[in-house]
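Listed here are the chains, written in short residue letters.
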Amino acid sequence: MAHIGGFVSGGALILGALYFNRDIFNATYLDEDQSVDPKKQQLAEVYRLMEKYRFRAALKVLNTCIDEHGSNFELQKLKYHLMKARPDRNFPDTVFSLLRHRPADERELNELLRVWHENPELRDKLDVDSQVRLALNFATPAPLKLAESIFDSLSVQPANHHSLGVLARKLALCFESLGNRPKQKTYSDFAADTVGGLR
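Everything numeric in this text was worked out from a predicted model, so none of it was measured. (Residues numbered from 1 in each chain as written. Predicted model: local features only at pLDDT ≥ 70, side-chain atom pairs only at ≥ 80, totals over all residues. Heavy atoms only, no water.)

Enquirer: Teacher, can you tell me more about the pattern of salt bridges here?
Expert: In a structure, side chains of opposite charge can pair up when their charged atoms sit close to one another. Inspection of the entire model under this criterion finds nine salt bridges. For Lys 183, the salt bridge goes to Glu 148, with nearest N and O atoms at 3.1 Å. Here Lys 183, found in helix H11 (residues 181-193), pairs with Glu 148, found in helix H9 (residues 144-155); they are 35 residues apart in sequence, far enough to count as distant. Exposure remark for Glu 148: the relative accessible area of 11% places this residue in the buried category. (Salt bridge = Lys/Arg side-chain N within 4 Å of Asp/Glu carboxyl O. Helix = DSSP H or I, 4+ residues; strand = E, 2+ residues; numbered from the N terminus. Buried < 20%, exposed > 50% of the residue type's maximum accessible area, 1.4 Å probe, protein only.)

Enquirer: Teacher, can you tell me more about the packing of helix H3 (residues 38-51) against helix H4 (residues 55-69) here?
Expert: Interhelical geometry of H3 versus H4 gives an angle of 165° and a closest axis separation of 8 Å. With respect to their mutual orientation, H3 and H4 come out roughly antiparallel. By crossing handedness, the relation of H3 to H4 is classed as left-handed. Here Pro 38, Lys 39, Gln 42, Leu 43, Glu 45, Val 46, Leu 49 and Met 50 of H3 lie close against H4, whose contacting residues are Phe 55, Ala 57, Ala 58, Val 61, Leu 62, Thr 64, Cys 65, Glu 68 and His 69. The residue makeup of the contact of H3 with H4, split by class, is eleven nonpolar, three polar and three charged. (Axes fitted to C-alpha atoms, helices over the stretch in contact; angles between N-to-C directions. Parallel < 35°, antiparallel > 145°, perpendicular 65-115°, else oblique. Left-handed = near helix turned anticlockwise from the far one by under 90°. Contact = heavy atoms within 4.5 Å. Nonpolar A, V, L, I, M, F, W, Y, C, P; charged D, E, K, R; others polar.)

Enquirer: Before we go on, may I ask you to explain H11 in this structure?
Expert: Note on helix geometry: an α-helix contains 3.6 residues per turn, so any two residues three or four positions apart are oriented the same way. With 13 residues, H11 should cover 18 Å at 1.5 Å per step; its first-to-last C-alpha distance of 18 Å lies within 8% of that length. Among all positions in H11, only Gln 184, Tyr 187 and Ala 191 are buried. End-on, the buried residues of H11 take up no more than an arc of 80°, which puts them together on one face. In H11, the exposed residues that point more than 90 degrees away from the buried face are Pro 182, Lys 185, Thr 186 and Asp 193. On the buried face of H11, the contacting elements are H9 and helix H10 (163-177). Structurally, the start of H11 carries an N-cap: the backbone nitrogen of Lys 183 is 3.2 Å from a side-chain oxygen of Asn 180. (Expected span 1.5 Å × (residues − 1). Arc of directions from axis to C-beta. Polar contact = N/O pair within 3.5 Å; in protein donor to acceptor, adjacent residues only side chain to side chain.)

Here you go:
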């Protein structure tokens, strides 16, 4: 059953990845046009391997592509999905690398939200600074409750990290804009009392 489950999740991965990149790669064009740049050729090979359920081989090509041409959010997300289909000991680092990304728009923010929700067992293993930065990204009206939950989890730890004051101030501003005075005061007071001085 686990073997079947792996193929089912792999199939979903392939469908999602090919749908997302439907306008980026054209395999026939890449086969015929030898002037196409090496990065596109490597990525086309990644998708060919994915179609054959050869996830480890696809990951190897993708890692080479990242090493040679640099990374970006889309490549990190693709790496995450490949490793999630066949997790190994490096999977947590891939998750953390993605969660440390600063989202450029709402779509990327939603992707980070999904990664956070998909990996509850890794949340506490992410360093405090990265959790705070992630919560700062989420401290907008839409995912505000998630930012609060991260704050709540960190604030009960024996020693409050100084960067929690920054997060508290951001949350106070969010609740001020929403007209929620009690929560605004709660977070403002925390920020004011935080060691390091955010007054």
